[in-house]
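Notes for the structure review
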Amino acid sequence: MRSSRDACLPLLAEVFREHGYDGASLSVMSAATGLTNGSLYHFFPGGKDEMLGAVLESIGTWFESSVFVPLRSVPAGDRAAAEQALQEMARSVSDYFRSGKRVCLGGVISLSFHNDRFATAVSQYFTSWIDALAHTLTAYGSADPTGQARMIVATVQGAIVLARAFDDPEVFDSALALAIPGAVK
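Residues numbered from 1 in each chain as written. Predicted model: local features only at pLDDT ≥ 70, side-chain atom pairs only at ≥ 80, totals over all residues. Heavy atoms only, no water.

For helix α2 (residues 26-33), the set of buried residues is Met29, Ser30 and Thr33. Projected onto a plane normal to the axis of α2, the buried residues spread over an arc of 100° and lie on a single side. Exposed side of α2, more than 90 degrees from the buried face: Ser27 and Ala31 are the residues found there. Its buried side turned inward, α2 meets α1 (5-23), α3 (37-43) and α4 (47-72). Positive backbone phi, approximately 80°, marks Gly34, located one or two places after α2. (Buried < 20%, exposed > 50% of the residue type's maximum accessible area, 1.4 Å probe, protein only. Helix = DSSP H or I, 4+ residues; strand = E, 2+ residues; numbered from the N terminus. Arc of directions from axis to C-beta. Contact = heavy atoms within 4.5 Å.)

Next comes the structure, spelled out in structure tokens:
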């Protein structure tokens, strides 16, 4: 039994990843969290929309502190610091997505029929990632930092799909190593 709203969020995130928005029924969420439907509504009076919104906010907060801030903190023109930040991003992203075994909830939601309700949060997540990455790629010396940042984020998303399709985390880690400058496999 999870006794706080925040303690429920990682469990609810996995339910939404595994079942999507439509398949994430209250009974599935209740089983995953150990909470009754009444307790879930106590923590999230807005129901499933509020639950998913809180989950997306929690994911955004993790990425902000663990990925985006380190990328944005690279000093201009410091190629060594940029390479180190890119390597750390590759490790953090690989750990977070469990080498492609965990789907990106932003990707799941953007492909669903409910994208309109959460489009701003999902768009903001990807925009923040691309902007932070472009900052670091500028310091690294990229000729097209925004284009390269988009390609890296697209590679991460595609690598998640392929790693899951092939049930092979090596697909994910290899794609990151090829796409991210200075990343080591």
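Structure's up, so let's keep going.
Before going further, it helps to spend a moment on helix α8 (residues 145-166). Across its 22 residues, α8 extends 31 Å between first and last C-alpha, which sits within 8% of the 32 Å expected from 1.5 Å per residue. Asp167, located one to two residues past α8, shows a positive phi value of around 50°. (Expected span 1.5 Å × (residues − 1).)

Further remarks concern the nonpolar core. If you look at the biggest cluster of nonpolar residues, it comprises 60 residues, and the most contacted ones within it are Phe63, Phe97, Trp129 and Leu133. Breaking this core down by element, the ones donating at least two residues are α1, α3, α4, α5 (79-96), α6 (105-110), α7 (115-140), α8 and α9 (169-179). Of all the elements, α7 adds the most residues to this core, at 12 residues. The contact partners of Phe63, leaving out residues within four places of it in the chain, are Phe68, Val93, Tyr96, Phe97, Tyr125 and Trp129. (Core = buried A, V, L, I, M, F, W, Y, C linked by side-chain atoms within 4.5 Å.)

Turning to the packing of aromatic side chains, a few remarks are in order. Counted according to the given criterion, the structure contains 13 aromatic pairs. Seen in terms of ring centroids, Phe63 and Trp129 are 5.5 Å apart; in terms of plane orientation they differ by 45°. Their pairing is tilted. Of this pair, Phe63 sits in helix α4 while Trp129 sits in helix α7, placing them 66 residues apart in sequence. The exposure class of Phe63 is buried, given its relative accessible area of 0%. The class of Trp129 is buried, set by a relative accessible area of 0%. Following the ring pairs from residue to residue traces out a cluster consisting of Trp62, Phe63, Phe68, Tyr96, Phe97, Tyr125, Phe126 and Trp129. The ring of Tyr96 carries the charged tip of Arg102 above its face, separated from the ring centre by 4.7 Å. (Phe/Tyr/Trp six-rings, centres within 6.5 Å; stacked < 30°, edge-to-face > 60°. Lys NZ or Arg CZ within 6 Å of the ring centre and 35° of its normal.)

Okay, the packing of α1 against α4 next. Running from N to C, α1 and α4 cross one another at 110°; their axes reach a closest spacing of 9 Å. In this view, α1 runs roughly perpendicular relative to α4, as classed from their interaxial angle. Facing α1, whose interface residues are Arg5, Leu9, Leu12, Ala13, Phe16, Arg17, Tyr21 and Asp22, α4 presents Lys48, Asp49, Glu50, Met51, Leu52, Ala54, Val55, Ser58 and Ile59. When its residues are assigned to classes, the contact of α1 with α4 shows 10 nonpolar, 1 polar and 6 charged. (Axes fitted to C-alpha atoms, helices over the stretch in contact; angles between N-to-C directions. Parallel < 35°, antiparallel > 145°, perpendicular 65-115°, else oblique. Nonpolar A, V, L, I, M, F, W, Y, C, P; charged D, E, K, R; others polar.)

Bringing the environment of Cys104 into the picture now. Inspection of the secondary structure puts Cys104 in the loop between α5 and α6. Residue Cys104 is classed as buried on the basis of its relative accessible area, which comes to 5%. It is 14 Å that separates the C-alpha atoms of Cys104 and Phe118, two residues lying 14 residues apart in sequence. Setting aside chain neighbours within four positions, we find Cys104 in contact with Phe97, Tyr125, Phe126, Gln157 and Ile160.

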